[in-house]
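Remarks on the overall topology
Chain by chain, the residues run as shown.
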Amino acid sequence: MSPDSMPLGSVRSAAEVNEQIRALWLRAGGTLSAQERAEYELLVVEWAAAIREEIIEAA
């Protein structure tokens, strides 16, 4: 599911997504395949959405 199609309020925390990004890099050994790169890009978009949500909630 792309981050754009996720229902509002179902976004994971930035910390959770960041942990998944770190795990992906560790599994990949620092070099991402095309499939891993696509997963990474989706995770970064999701992480950015989570950061925005956390900022809005804090305001």
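Values in this document were obtained by computation on a predicted structure and should not be read as measured data. (Residues numbered from 1 in each chain as written. Predicted model: local features only at pLDDT ≥ 70, side-chain atom pairs only at ≥ 80, totals over all residues. Heavy atoms only, no water.)

**Considerations on the overall build of the protein**
Broken down by element type, the protein carries two helices and zero strands. When burial is assessed residue by residue, the protein has 19% of its 59 residues classed as buried. The long-range share in the protein, meaning contacts at least 24 apart out of those at least 6 apart in sequence, stands at 54%. Accessible area of the protein: about 4,400 Å², with a carbon and sulfur share of 58%. (Helix = DSSP H or I, 4+ residues; strand = E, 2+ residues; numbered from the N terminus. Buried < 20%, exposed > 50% of the residue type's maximum accessible area, 1.4 Å probe, protein only. Contact = heavy atoms within 4.5 Å. Areas by Shrake-Rupley, 256 points an atom, 1.4 Å probe, with all protein chains shown as cover.)

**Considering the nonpolar core**
By size, the foremost hydrophobic cluster in this structure holds six residues: Val17, Ile21, Leu24, Ala28, Leu32 and Leu43. When residues of this core are assigned to their parent elements, the largest contribution, four residues, is made by helix α1 (residues 14–28). For Val17, the residues in contact, after removing those within four places along its chain, are Arg12, Leu43, Glu46 and Trp47. (Core = buried A, V, L, I, M, F, W, Y, C linked by side-chain atoms within 4.5 Å.)

**Topic: the environment of Arg37**
Here Arg37 lies in helix α2 (residues 34–58). When its relative accessible area of 40% is taken as the criterion, Arg37 is described as partly exposed.

**Brief notes about α2**
Look at α2: 36 Å from first C-alpha to last across 25 residues, which is about the 36 Å you get at 1.5 Å a residue. Of the positions making up α2, those classed as buried are Leu43, Glu46 and Ala50. Those residues of α2 hidden inside the fold are in contact with α1. (Expected span 1.5 Å × (residues − 1).)

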